[in-house]
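Inside the fold
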Amino acid sequence: MAQAISVATKKKVPFPVELYRSAIGKKYVMAVTGLFLTTFVLGHMVGNLKLYLGLFVASDPKREEFGYHINEYGEFLRSLGEPIFPRTVLLWIIRTLLAVSFLLHMHAAYSLTMMNRKAREVKYATKSDYQAANFASRSMRYTGTIVILYLVWHILDLTWGVGNGAWRRGEVYQNVDSSLSRWPIAIVYVVANLALGIHLFHGLWSFFQSLGWSNPRFNAWKRKIAIGTVGLIVTANVSFPLAVLAGIVSVK
């Protein structure tokens, strides 16, 4: 009787919290935050391609103003939402959402790992599913850690100028050149993006499975989508330090 009263009077938690406590809820959080972060990475890469814009447009009147386009893009981000939002406020809201997504993604990954260690092993539907998941389980935590550590350094180096003696506020082109022209930083950048590629590949591969939309007939399409997306992101990102070291992107 006392036990029944205790259960009946147990404080209920909101449905989202209750859902997140389950493995299914954590998988949904992993999938949704992973997709959001991947979208950001893709958008960030597209924006960074403006480093090259003035180099290949012969009729561009701003061609001689090195870095004009990427600097203009940086200014656009800082003034995003004006005049409705004060300067940089909307940018910081987006940064906050990204930070929250990172934390939720990491916590869900850690929680699922702990739950899986306690649960019995569940076989995958196909051999290819097993191979992909097996490699992911051995690499995701390491590639994720590399990406997180690099992200912290990336923000300190290019956003706040820590460790970058030639850093100038608002001068994106100048800051990229002064940072990636250093061989150790360029190598770190390349390694971090290769780790990011591995992490994203397995994240995209398992995205549909996490949402319960796994079907062996779609494995070929999942692989093509993952390889195509990751190949584009990694190729573009790795090209930046190589272009700086080669003098293609350089402050004259």
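Criteria and cut-off values
- Residues numbered from 1 in each chain as written.
- Predicted model: local features only at pLDDT ≥ 70, side-chain atom pairs only at ≥ 80, totals over all residues.
- Heavy atoms only, no water.
- Helix = DSSP H or I, 4+ residues; strand = E, 2+ residues; numbered from the N terminus.
- Expected span 1.5 Å × (residues − 1).
- Core = buried A, V, L, I, M, F, W, Y, C linked by side-chain atoms within 4.5 Å.
- Buried < 20%, exposed > 50% of the residue type's maximum accessible area, 1.4 Å probe, protein only.
- Contact = heavy atoms within 4.5 Å.
- Axes fitted to C-alpha atoms, helices over the stretch in contact; angles between N-to-C directions.
- Parallel < 35°, antiparallel > 145°, perpendicular 65-115°, else oblique.
- Left-handed = near helix turned anticlockwise from the far one by under 90°.
- Nonpolar A, V, L, I, M, F, W, Y, C, P; charged D, E, K, R; others polar.
- Salt bridge = Lys/Arg side-chain N within 4 Å of Asp/Glu carboxyl O.

This next bit is on helix α10 (residues 219-245). Look at α10: 39 Å from first C-alpha to last across 27 residues, which is about the 39 Å you get at 1.5 Å a residue. Once α10 finishes, G247 follows within two positions and takes phi at roughly 85°, a positive value.

Among soluble globular proteins, nonpolar side chains are generally buried collectively. Counting residues in hydrophobic clusters, the biggest one holds 14 residues, and the most contacted among them are L51, L180, F240 and V249. Setting aside chain neighbours within four positions, we find L180 in contact with I185, A186, Y189, F240, P241, V244 and L245. Of all hydrophobic cores here, the second largest spans 13 residues; its members include V147, L204, A226 and I233.

With that out of the way, let us pick up the packing of helix α3 (residues 23-48) against helix α6 (residues 89-118). The relative placement of two packed helices is expressed as an angle between their axes plus a distance between the axes. Where α3 contacts α6, the axes come no closer than 9 Å and their chain directions differ by 140°. Classified by the interaxial angle, the pair formed by α3 and α6 is oblique. The handedness of the crossing between α3 and α6 is left-handed. Across from A23, K26, K27, V29, M30, T33, G34, F36, L37 and F40 in α3, the residues of α6 making contact are L97, L98, S101, F102, L104, H105, A108, A109, S111, L112 and M115. Within the contact of α3 with α6, the residues separate by chemical class into 14 nonpolar, five polar and two charged.

Taken as a whole and judged by the stated rule, the model has four salt bridges. Between R21 and E18 there is a salt bridge whose closest N-O contact spans 3.6 Å. A residue is classified by how much of its surface remains accessible, and E18, at 42% relative accessible area, is partly exposed. One salt bridge in this structure joins E75 and R87, with 2.8 Å as the shortest N-O distance. A residue pair is termed long-range when its members are at least 10 positions apart, and E75 in helix α5 (residues 68-78) and R87 in the loop between α5 and α6 qualify at twelve residues.

Shape is all these values report; function is a separate question.
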